[in-house]
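Breakdown of the fold
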Amino acid sequence: MRPTIRRRDLLRGVAAGGIAGVAGCLGGSGDSGDAFRLSVPFFPPSLDPIDLDGGWRLRMVGVLEGLFDVDDTGAVQPNLVSDWSRAEGDTRWELTLRDDVTLHNGNSLGADAVVFSLERAFSTSASRLSGLPIDAVEAVDDRTVAITTTDPLASLPGQLTRPPAGIISPESADSDGEIESAIATGPFQIEDWQPDSQLVVTRHDGYHGTVPTLERAVLERVQDPQTRTLKLQNDELALATNLPSSEASTLQEESGLTLHRSEGVGTQILVFNTDREPLSDRRVRQAMLYAADRNAIVDSVLEGVGAPAHAPWDSDRIEWAADDLQSYEYDTERAATLLSEAGWEQDGDVRRKDGQDLQLTLWTYNDRPTLSDVATVLQSQLGTVGFDIEVQVTEWGALNEAKQDGDFDVFAGFWTFYGSPPDPDTLTNFYHSEQNILDSPYQNAEVDELLESGRTTFDETQRAEIYNAVQEIVMTDVPVGFLTRQTKVNGTQSSVTGYDPNPITFDQGLQDISR
């Protein structure tokens, strides 16, 4: 049974104010001994980099690497390549591999592993890179790979930082082509994976960078953020991430623990079903955003650990952020005016139009701390201007199925609007009618054309003009609304040193940790 909360059931006045290891990858004892234990939201459902949560978590714990990487400022840096160039009208890229990289099975990194990995990433329908205009990936020689695109693709280096483009050996696959283990290049290699409980990794002594101090680490499957907090407090975890904002002050004061605040680009958002009435009328969407008191959400739900968000990017963090965008600052009078203009008139507590209540279901999921509380606060805030909001809290899988089927009104979620890729082309993931990953039905031909033009343009001044135009349009159409930039609350045992996660990629930097 999915928990359902109706606004009319709440008390009035509630508001926001208040492979040696590889050989054992598919089973083994899983005995982790005195390992460094950590837990993060979500858990790898497979060891395949093209699997959404699989690739992200394998990179997060230092198993998976790409040809390029993202530094903590969001800039793309070479990683497994020593040189690269473009030719043939910017549709052919040649990449030279480093000669000092060793895979987890002891073999040197060669073009065969890169071709194997990228062909899967670009051609497998489940991969988020499958929509890119890639024509071919081929080995020029043992240490050179050529990527040919059907059209120029300015964001290709950034696209190659994404987890599905992580490099693994062809030996990672079984005879049917299924990935049994990720034999990769990172500072840690897989020792054991128990899909229902834990992923055990061990130090890769042949790593091309700084070899980790930690010998072994265990990623525990602990979905509930409160449970992660308790396990940290009980010294059952050395590191726990994405803890409830309400725990920040407790962790800061608790002896033996260290609080870490990570300010990144993760954003709490609203995604509207623009195909379904009344949200097909953008005035209703705009009214919802004007009625959302973001400062109150930050102060009450996030307990001050975060900041209001009004646009895809903040100019002090992302250089591609456009100036003077429509921001939808809290304004209930403006919200009420827009609803009246759209034909929704106040009738008691709820507005009505053509005999129908202004009634919507706001979905969210319980895998992320605070989202359900944010939804409840929004329920009350929107009620003050005449919305009747039902909050429906589910597990991520149920919400994901509903949005893929188009069976939703609006959902609150947590998304990273920069870093995958670390390029303004990332807006394609959220606003292109055929390539967005939010399952939003939003369609705007001008936006599609601009996004496609931005991908083929290499001049940064021209690109800035293109992506500024995109931001201006989508902030008027608002198929997506922005609520907060959430500062992540992470905690470690006080004996842990060197913890400095990447705020863009969420890489936990285990190779730099000591204890």
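A look at the overall build of the chain
A tally of helices and strands in the chain yields 13 helices and 23 strands. Over its C-alpha trace the chain gives a radius of gyration of 24 Å, about what one expects of a compact globule, namely 24 Å for 515 residues. Seen through its C-alpha atoms, the chain measures out along the principal axes to roughly 70 × 60 × 40 Å. Residues classed as buried in the chain amount to 60% of the 515 residues present. Just so you have it, the chain exposes about 20,100 Å², and 40% of that area is on carbon and sulfur atoms. The centroid of the 38 positive side-chain charges in the chain is displaced by 5 Å from the centroid of its 86 negative side-chain charges.

Looking at the nonpolar core
Core analysis: the largest hydrophobic core is formed by 80 residues, its most contacted members being Leu270, Phe387, Trp415, Phe417 and Tyr431. In terms of nonpolar packing, the next biggest core, distinct from the first, is built from 31 residues, Phe36, Leu47, Val63 and Leu239 among them.

Comments concerning the packing of aromatic side chains
Counted by the stated rule, this structure contains 12 aromatic pairs. For the ring pair Trp93 and Phe458, a centre distance of 6.3 Å and an interplane angle of 35 degrees mean the geometry is tilted. Residue Trp93 is located in strand S6 (residues 92–97), and its partner Phe458 is located in the loop between helix H12 (445–456) and helix H13 (460–477); the two are separated by 365 residues in the primary sequence. Pairing Phe411 with Trp415 gives two aromatic rings, centres 6.3 Å apart and planes at 50 degrees, and the pair type is tilted. Each member of the pair, Phe411 as well as Trp415, carries the same accessibility label: buried. Chaining the aromatic ring pairs together yields one cluster made of Tyr365, Trp396, Phe408, Phe411 and Trp415. If you follow Arg59 out to its NZ or CZ, it ends over the ring of Trp56, 4.8 Å from the centre. Just above the ring of Trp320 sits the side chain of Arg463; from NZ or CZ to the centre is 5.7 Å.

Observations regarding the sheet that holds strand S23 (residues 488–493)
Pairing is mixed in the open sheet, where 7 strands are placed in the order S9-S10-S11-S2-S12-S23-S13. Each having just a single partner strand, strand S9 (188–194) and strand S13 (257–262) make up the two edges of the open sheet. Averaged over all neighbouring strand pairs, the angle between strand axes comes to 20 degrees, with direction disregarded. Sheet topology note: the S9/strand S10 (residues 198–203) ladder contains 6 bridges and is antiparallel. Considered in S10, the bridge of Asp192 is made with Val200.

Considering the packing of helix H6 (residues 282–291) against helix H8 (residues 332–341)
Where H6 contacts H8, the two axes come as close as 8 Å, and the packing angle between them is 165 degrees. Judged by the inter-axis angle, H6 sits roughly antiparallel to H8. In this structure, the crossing between H6 and H8 has a hand that is left-handed. Where H6 abuts H8, its residues Arg283, Val284, Gln286, Ala287, Tyr290 and Ala291 lie against Thr332, Arg334, Ala335, Leu338, Leu339 and Glu341.

Considerations on the pattern of salt bridges
For side chains of opposite charge, pairing can occur when their charged atoms come near one another. Enumeration according to the criterion identifies 22 salt bridges in this entry. Put simply, Asp48 and Arg120 hold a salt bridge, and the shortest N to O gap is 2.7 Å. Here Asp48, found in the loop between strand S2 (36–39) and helix H1 (52–60), pairs with Arg120, found in helix H2 (residues 111–123); they are 72 residues apart in sequence, far enough to count as distant. Note on accessibility: Asp48 and Arg120 belong to one class, buried. Note that Asp347 is salt-bridged to Arg352, the shortest N-O span being 3.5 Å. On the accessibility criterion, Asp347 (47% relative accessible area) is partly exposed.

Examining the packing of H12 against H13
Two elements in contact, H12 and H13, have axes whose closest approach is 9 Å; the angle formed by their N-to-C orientations is 155 degrees. Classed by the angle they form, the pair H12 and H13 counts as roughly antiparallel. Where H12 crosses over H13, the two elements pack in a sense that is left-handed. Listed contacts from H13 to Glu446, Val447, Leu450, Leu451, Ser453, Gly454 and Arg455 of H12 are Arg463, Ile466, Tyr467, Ala469, Val470, Ile473 and Val474.

With respect to the pairing of strand S17 (residues 350–353)
Relative to S17, strand S16 (residues 345–347) runs antiparallel, the two being bridged by 3 bridges. The residue bridging Glu345 from the neighbouring strand is Arg352, located in S17. Here S16 folds back onto S17, and the loop between the two strands holds 2 residues, one of which, Gly348, carries a positive phi near 75 degrees. Relative to strand S18 (residues 356–357), S17 runs antiparallel, the two sharing 2 bridges. When the sheet's bridge partners are listed, Arg352 is paired in S18 with Asp357. Taking the residues between adjacent antiparallel strands as the criterion, S17 and S18 are bridged by 2 residues, where Asp354 takes a positive phi near 50 degrees.

A look at the sheet that holds S17
Here we have 3 strands laid out as an open sheet, ordered S16-S17-S18, and antiparallel in their pairing. Strand pairing shows two members of the sheet lacking a second neighbour, S16 and S18, which therefore form its edges.

Structural notes on a negative patch on the surface
Negative charge collects at one region of the surface, where Asp112, Asp141, Asp142 and Glu171 lie side by side. Along the polypeptide, Glu171 turns up in the loop between helix H3 (156–159) and S9.

Section: helix H4 (residues 225–233)
Of the positions making up H4, those classed as buried are Pro225, Arg228, Thr229, Lys231 and Leu232. Buried positions in H4, seen along its axis, are confined to an arc of 165 degrees and lie on one side of it. Of the surrounding elements, those touching the buried residues of H4 are S2, strand S11 (216–220), strand S12 (239–243), helix H5 (248–253), S13 and S23. Remark: Asp235 follows H4 within two positions and exhibits a positive phi of approximately 65 degrees.

Overview of the confidence of the model for the chain
Mean pLDDT for the chain: 91, with 94% of residues reaching 70 or above. Every residue in residues 1–30 scores below 50 in pLDDT, and together they form 75 contacts with partners more than four places removed in sequence or on other chains.

Quick notes on the pairing of strand S14 (residues 266–272)
Among the 7 residues of S14, 7 are classified as buried, and the element is accordingly described as predominantly covered. Neither face of S14 is exposed, since Gly266, Gln268, Leu270 and Phe272 on one face and Thr267, Ile269 and Val271 on the opposite face are all buried. The pairing of S14 with strand S21 (residues 410–416) spans 7 bridges and is antiparallel. Across the sheet, the residue bridging to Leu270 is Ala412, located in S21. Here S14 pairs with strand S22 (residues 480–486) via 5 bridges, running antiparallel.

Conventions and cut-offs
- Residues numbered from 1 in each chain as written.
- Predicted model: local features only at pLDDT ≥ 70, side-chain atom pairs only at ≥ 80, totals over all residues.
- Heavy atoms only, no water.
- Helix = DSSP H or I, 4+ residues; strand = E, 2+ residues; numbered from the N terminus.
- Rg over C-alpha atoms; globule rule 2.2 N^0.38 Å.
- Buried < 20%, exposed > 50% of the residue type's maximum accessible area, 1.4 Å probe, protein only.
- Areas by Shrake-Rupley, 256 points an atom, 1.4 Å probe, with all protein chains shown as cover.
- Lys, Arg positive; Asp, Glu negative; His and termini not counted.
- Charge placed at Lys NZ, Arg CZ, Asp CG, Glu CD.
- Core = buried A, V, L, I, M, F, W, Y, C linked by side-chain atoms within 4.5 Å.
- Phe/Tyr/Trp six-rings, centres within 6.5 Å; stacked < 30°, edge-to-face > 60°.
- Lys NZ or Arg CZ within 6 Å of the ring centre and 35° of its normal.
- Pairing = 2+ DSSP bridges.
- Axes fitted to C-alpha atoms, helices over the stretch in contact; angles between N-to-C directions.
- Parallel < 35°, antiparallel > 145°, perpendicular 65-115°, else oblique.
- Left-handed = near helix turned anticlockwise from the far one by under 90°.
- Contact = heavy atoms within 4.5 Å.
- Salt bridge = Lys/Arg side-chain N within 4 Å of Asp/Glu carboxyl O.
- Patch = residues over 30% accessible without salt bridge, like charges linked within 9 Å, V, L, I, M, F, W, Y side chains within 5 Å.
- Arc of directions from axis to C-beta.
- pLDDT = per-residue confidence, 0-100.

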